[in-house]
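As a plain string of letters, each chain reads:
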Amino acid sequence: MATALKWGYSGINSFAHLEHVKCLTNPEKLFDIAVLGVPFDTAVTYRPGARFGPRAIRAASARQTSFRGFNARAGINPYMSWASILDCGDIPTTPFDNAVALTQMTTAYLELGHRKPLSSSLTHPKIISLGGDHSLALAALRGLKNVYKTPIAVLHFDAHLDTWHPAKYPSPWPSKQAEFNHGSMFWIASNEGLILNGSSVHAGLRTRLSGGDWGDYEDDDAQGFLRISSDDIDDLGTTGIIASILSRIGTETPIYLSVDIDVLDPGLAPGTGTPEAGGWTSRELIRILRGIEGLNVVGADIVEVAPAYDGVGEQTALAGAQVAYEILTSIVKRGLVDMGKVSEVEGRDAKGRVKDEL
């Protein structure tokens, strides 16, 4: 539980003032939800710097505390509910060898994913990763497939596809290791059978494509993703985006929720490595995340926050911290639903839920 004894600006730099434990080296410490830093960014194709993302997001979460953590959009305080939540520190990832770094990340997800949760209502603990570049999702999905013994659906908020065939990144010195980067990790994951084909979604897309045709979309189709563009919000609204996601995935399918911060417009979130104009606002993204709170999220990430490119107000890191808070809220609230409780407070709308104020 986040401490109620410190002001937001005091204390060590843990996420939301949560208890900080190096979980990888302290297996006796049980938890239900881990916030885990992954300071790795040497698989990027443009601007580096996301290795500093976990530190920046933690700092930006400083005003999240248990005594002021009630989420009025969801009707619960995730820091004062049933779940034991820890800041589990960082995965030690080398910046010198991507093959070794991928092994380090995969080993960490396997180790933590197979731990016994503190709550008897869970079969496995859940991990929210703070990136780091987006390639960490490959390691996370390898871990989840091993833990749950089934392919996992992916809900992917991003400006880019990240299902690119490695050949779309040409090199005069190709290598097997060079195929692994932050734009190809879902292609690799799909080919390894980690992703549930036909139940996954991209949302917020506005990327340019390779070459002179639709080949990138054809590759993406083969991997079974539904594509929702950034522009679709103008026609569908947030309600339509939410409906499209829920229709595709359902509420029982285990999903990995992956949020690349570049899904937001760079005018609002400039601190990222591959910015693309024309993105969503943080308010729109939060509204969508609250609308899909019933999903069966088994793992999540917030990636590509690169504070070196952020504004003086640290607005990108603040957005990342808020996204983590919303995802955390949804995981805790879904746990309440699974326990037979809809919410810990009285609802205010016709369906008994707290009214979304957005």
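Fair warning: this is a prediction, and the values are worked out from it, not measured in the lab.

1. A short note on the packing of helix α1 (residues 53-60) against helix α8 (residues 315-338)
Thought 1: In the contact formed by α1 and α8, the axes pass within 8 Å of each other and the chain directions differ by 75 degrees. In terms of orientation, α1 and α8 fall into the roughly perpendicular class. Every residue of α8 that contacts α1 at Ala56, Ile57 and Ala60 is listed here: Ala317, Leu318, Gly320 and Ala321.
Thought 2: For the contact of α1 with α8, a count of residues per class yields 6 nonpolar, 1 polar and no charged.

2. Observations regarding the state of the cysteines
Thought 1: Using the criterion set out here, one finds 1 disulfide in the structure.
Thought 2: Here Cys23 connects covalently by a disulfide to Cys88, the sulfurs 2.1 Å from one another. Handedness here is read from the sign of the S-S torsion; for Cys23 and Cys88, about -65 degrees, the answer is left-handed. On the criterion of sequence distance, the pair formed by Cys23 in the segment before β1 (33-38) and Cys88 in strand β2 (residues 85-90) is long-range, its members being 65 residues apart.
Thought 3: Looking at Cys23, the relative accessible area reads 0%, which means it is buried.

3. Notes on the environment of Val44
Thought 1: Tracing the sequence through the fold places Val44 in the loop between β1 and α1.
Thought 2: When the C-alpha atoms of Val44 and Thr274 are compared, they prove to be 8.9 Å apart, with 230 residues separating the residues in sequence.
Thought 3: Once residues lying within four places of it in the same chain are set aside, the contact partners of Val44 are Asp133, His182 and Glu304.

4. Some remarks on the nonpolar core
Thought 1: Counting residues in hydrophobic clusters, the biggest one holds 55 residues, and the most contacted among them are Phe15, Ile85, Leu155, Phe157, Ile245, Leu257 and Ile327.
Thought 2: Ranked by the residues each element gives to this core, the list is headed by α8, at 11 residues.
Thought 3: Residues within four places of Phe157 in sequence aside, it is in contact with Ala203, Ile245, Leu257, Ser258, Val259, Asp260, Val263, Trp280, Leu285, Ile288, Leu289 and Ile292.
Thought 4: Counting 39 residues, the second largest nonpolar core, distinct from the first, contains Ala43, Tyr109, Ile188 and Leu194.

5. A few points about the environment of Arg58
Thought 1: Within the element layout of this structure, Arg58 appears in helix α1.
Thought 2: Accessibility expressed as a relative area gives 6% for Arg58, which makes it buried.
Thought 3: For the pair Arg58 and His17, spaced 41 residues apart in sequence, the C-alpha separation works out to 8.7 Å.
Thought 4: At a separation of 2.8 Å, a polar atom in the side chain of Arg58 contacts the side chain of Asp87.

6. Some details on the pattern of salt bridges
Thought 1: Under the definition given, this model contains 18 salt bridges.
Thought 2: The salt bridge partner of Glu326 is Arg73, with a shortest N-O separation of 3.6 Å. A residue pair is termed long-range when its members are at least 10 positions apart, and Glu326 in helix α8 and Arg73 in the loop between α1 and β2 qualify at 253 residues.
Thought 3: Given the relative accessible area of 26%, Arg73 is considered partly exposed.
Thought 4: The closest approach of N and O atoms between Asp219 and Lys168, which form a salt bridge, is 3.7 Å. In this pair, Asp219 is assigned in helix α5 (residues 215-222) and Lys168 in the loop between β4 (153-157) and α4 (185-191), connecting sequence segments 51 residues apart.

7. Quick notes on the packing of aromatic side chains
Thought 1: Inspection of the entire model under this criterion finds 6 aromatic pairs.
Thought 2: On the basis of an interplanar angle of 25 degrees and a centroid distance of 6.2 Å, the ring pair of Tyr79 and Tyr325 is categorised as stacked. With a gap of 246 residues between them, Tyr79 in the loop between α1 and β2 and Tyr325 in helix α8 connect regions that are remote in the sequence.
Thought 3: A residue is classified by how much of its surface remains accessible, and Tyr79, at 2% relative accessible area, is buried.

8. Things to note about unusual backbone geometry
Thought 1: Following Gly131, the chain continues to Gly132 via a peptide bond in cis, the omega torsion being 15 degrees.
Thought 2: With respect to the helices and strands, Gly132 occurs in the loop between β3 (126-131) and α3 (136-148).
Thought 3: Phi at Glu304 is positive, roughly 70 degrees, even though this residue is not glycine.
Thought 4: The residue Glu304 is located in the loop between β8 (296-303) and α8 in this model.
Thought 5: Of note in this structure, Glu314 is not a glycine but carries a positive phi near 55 degrees.

The rules behind each value
Along each chain, numbering runs from 1 in the same order as the chain's sequence is written. With pLDDT at 70 or above as the cut-off, local features in this predicted model cover only qualifying residues; side-chain atom pairs require 80 or more to be listed or tallied, and sums for whole chains, interfaces and linings still use all residues. Remark: hydrogens and water are excluded; side-chain values derive from all non-hydrogen atoms of the structure. Each axis is a line fitted through C-alpha atoms, and for a helix only the stretch in contact is used; angles between axes span 0 to 180 degrees, taken between their N-to-C directions. Numbering of helices and strands starts at the N terminus; helices are DSSP runs of H or I of at least 4 residues and strands are runs of E of at least 2. Any angle that falls under 35 degrees is termed roughly parallel, while one over 145 is termed roughly antiparallel, one within 65 to 115 roughly perpendicular, and all others oblique. Whether two residues touch is decided by their heavy atoms; if any such pair falls within 4.5 Å, the residues are in contact. Nonpolar residues are Ala, Val, Leu, Ile, Met, Phe, Trp, Tyr, Cys and Pro. Charged residues are Asp, Glu, Lys and Arg, and all others, Gly as well, are polar. The term disulfide is used for any two cysteine sulfur atoms that are within 2.5 Å. Note on classification: 1.4 Å probe, protein chains only; a residue is buried when its accessible area is under 20% of the maximum for its type, exposed when over 50%, partly exposed between these limits. Residues grouped as a nonpolar core are buried Ala, Val, Leu, Ile, Met, Phe, Trp, Tyr and Cys residues, joined through side-chain atoms within 4.5 Å. In protein, a polar contact means a hydrogen-donor-capable atom and an acceptor-capable atom, both N or O and within 3.5 Å, with residues adjacent in sequence counting only if both atoms are side-chain atoms; elsewhere, any N or O pair within 3.5 Å suffices. A side-chain nitrogen of Lys or Arg and a carboxyl oxygen of Asp or Glu constitute a salt bridge if their distance falls within 4 Å. Aromatic rings from Phe, Tyr and Trp, with only the six-membered ring used for Trp, were paired whenever their centres fell within 6.5 Å, and each pair was classed as stacked if the ring planes differed by under 30 degrees, edge-to-face if by over 60, and tilted otherwise.

Scope: geometric values only; no functional claims are made or implied.
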